[in-house]
Amino acid sequence: MATGRIQNPSTAEDRAPNLFWLQCGACSGDSMSLLGVDDPDLGELVRDVGLEILWHPSVSRTTPGAFQEMVDLLVSGRKPLDVLIIEGAIIRGPGGTGMFDTFAGSPKKDLAVALARKAQFVVAVGTCAGFGGIPASGETEATGLQFHGRTRGGVLGNKFTARSGLPVINLPGCPAGPEIVGGALAALLRGEALPLNEHQMPLEWYGVLVHQGCTRNEYHEFRVEDQRFGQPGCLFYHLGCQGPMTYGSCNKLLWSGRTSRTRVGVPCVGCKDPDFPKPHPFFRTRNIEGGPVDLPVGVDRAHFLAYKTMAEAVAPERLKERKHPV
Ligand code: SF4
C-alpha cells in the first residue's frame, strides 16, 4: 500500500495553487460530473480549496495563441504547475504515433507526459485516465497514465512520481464522483495524508466495496434473487451485479446525495475496477455449477455455495414476497 504525505505543498508559497485540466480520449463525462456538483457548487469548491484554474475545456476561455503560450510556460518550467488533472485515456494510435488525438498538431500523449513531469501532483480522473477504460478495448491503442488495466506501466511508466514524490492519484469511475475529485484536491493541497491502495486509489473513497451500503443487502444475504429488472431483490445472481467485487463508495457517498445504480435497480457494472469494461455482458451473471463465476472479494467458493444454499432455505417470507423496500 502506498501512502502519500505532501512535504512541500505549493500552498506554502504566496500565490494560489493552480490546476490544469487536460482532456484526452474522453467522453467528457468526468467534466460533466464535476460541473454538476451542487453542494458545494464548482465555484464554491474552487474558492474553498483556494485554486486558480489555468485551464479547463468547459469553463475556460482564451485565444489559441494565449493557450499555447501558457502551455509553453508550463512545459518549460517557467510557470510552476501545481495540479495536473487528466481526464480520458491516453491515445497512442495509430502505430504508436498518438496522432489520433492531437493538440495544435502534436500528439496529446506527449503533452500529457511533458506536463506530468512538471506537476506537483498528477491526478487521473475517471477510469479511462487511470487504467485505459473503454477506449483501451478499441483500436486507438489507448492506455492509462500509470496502469494498463491492472498492469503497472501506462504512458508514464511504473516508476513515475510527480514533483511531490507521489505517484499518479487514480480516481476511477465512469464518471468519477465530483465529491471525490473535490475531496482529493482538498486533501492534496492541504498536505493531508492520502493513503492509497495497490492501484493508487485513495482508501478514503475506494476502501469499501460497492456492495457495502446497498439497500438490497438483506436480499443478497438470503439469496433472494431477481431475474428481471424492476424487482427489489439482489441483482448479483442473475443480472450481473459487480458490487461485491468492486471497490468504490457508490452506496455510501450517494450521487447527488440521493441515489446509486443499485438503488434505482441497475446492477453495478464495475466501472471503478481497473479491468473495466470486462469482456462479457454487463447484465448477465456468468455461472458455473449453479453458482456465480465471480465471487465476492475474499470469499471461498465451497463455503459460499454451502452458505448460500442454507441461507436460501431459511429466507424469511417478507423477503421472498419482496416486501422489504429498497
Ligand atoms: S444488488 Fe449488487 S451491490 Fe446490492 S446487495 Fe446485490 S450484489 Fe450487493
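It should be emphasised that the depicted structure is a prediction, and the values quoted were computed from it without experimental measurement.

### Notes on the overall build of the chain
Step number 1: Of regular secondary structure, the chain possesses 10 helices and 11 strands.
Step number 2: Projected onto its principal axes, the C-alpha positions of the chain cover 70 × 45 × 35 Å.
Step number 3: Here the chain, with 326 residues, has 44% of them falling under the buried criterion.
Step number 4: Of the contacts made within the chain by residues no fewer than 6 positions apart, 69% connect residues no fewer than 24 positions apart.

### Considering the nonpolar core
Step number 1: Leu84, Ile86 and Val123 are the most contacted members of the largest nonpolar core, which has 70 residues in total.
Step number 2: Residue contributions to this core reach at least three from each of two domains, namely domain 1 (10-203) and domain 2 (208-320).
Step number 3: Not counting chain neighbours up to four residues away, the residues in contact with leucine 84 comprise Phe20, Leu22, Leu115, Ala116, Ala119 and Val122.

### A look at the sheet that holds strand β6 (residues 119-125)
Step number 1: Taken in spatial order, the five strands line up as β2-β1-β3-β6-β9 in an open sheet, and their pairing is parallel. For this open sheet the edge positions go to β2 (52-55) and β9 (169-171), each flanked by a neighbour on one side alone. Within this sheet the neighbouring strands show an average axis-to-axis angle of 25 degrees, counted without direction.

### Description of the site of the ligand
Step number 1: Near the ligand there are 14 residues, and of these Cys214, Cys234, Phe236, Cys241 and Gly243 occur at the shortest range.
Step number 2: Looking at the shell around the ligand residue by residue, the class counts come to eight nonpolar, five polar and one charged.

### Comments concerning the environment of lysine 108
Step number 1: Among the secondary structure elements, lysine 108 is positioned in helix α4 (residues 108-118).
Step number 2: Placed 79 residues apart in sequence, lysine 108 and alanine 187 show a C-alpha to C-alpha distance of 28 Å.
Step number 3: If near-sequence neighbours (up to four positions away) are discounted, lysine 108 is found in contact with Cys24, Ile91, Gly98, Asp101, Thr102 and Phe103.

### A look at the domain arrangement of the chain
Step number 1: We note that the domain assignment places domain 1 (10-203) and domain 2 (208-320) within the chain.
Step number 2: Put simply, the middle of domain 1 and the middle of domain 2, counted by C-alpha atoms, are 32 Å apart.
Step number 3: With 17 residues of domain 1 in contact, the opposing surface of domain 2 contributes 11 residues.
Step number 4: Of the residues contributing to the side of domain 1 that touches domain 2, the split by class is six nonpolar, seven polar and four charged.

Calculation rules
- Residues numbered from 1 in each chain as written.
- Predicted model: local features only at pLDDT ≥ 70, side-chain atom pairs only at ≥ 80, totals over all residues.
- Helix = DSSP H or I, 4+ residues; strand = E, 2+ residues; numbered from the N terminus.
- Buried ≥ 20, exposed ≤ 12 C-beta atoms within 10 Å, placed from the backbone.
- Contact = placed C-beta atoms within 7 Å.
- Core = buried A, V, L, I, M, F, W, Y, C linked by C-beta atoms within 7 Å.
- Domains from an automatic or database assignment.
- Pairing = 2+ DSSP bridges.
- Axes fitted to C-alpha atoms, helices over the stretch in contact; angles between N-to-C directions.
- Near = placed C-beta within 6 Å.
- Nonpolar A, V, L, I, M, F, W, Y, C, P; charged D, E, K, R; others polar.

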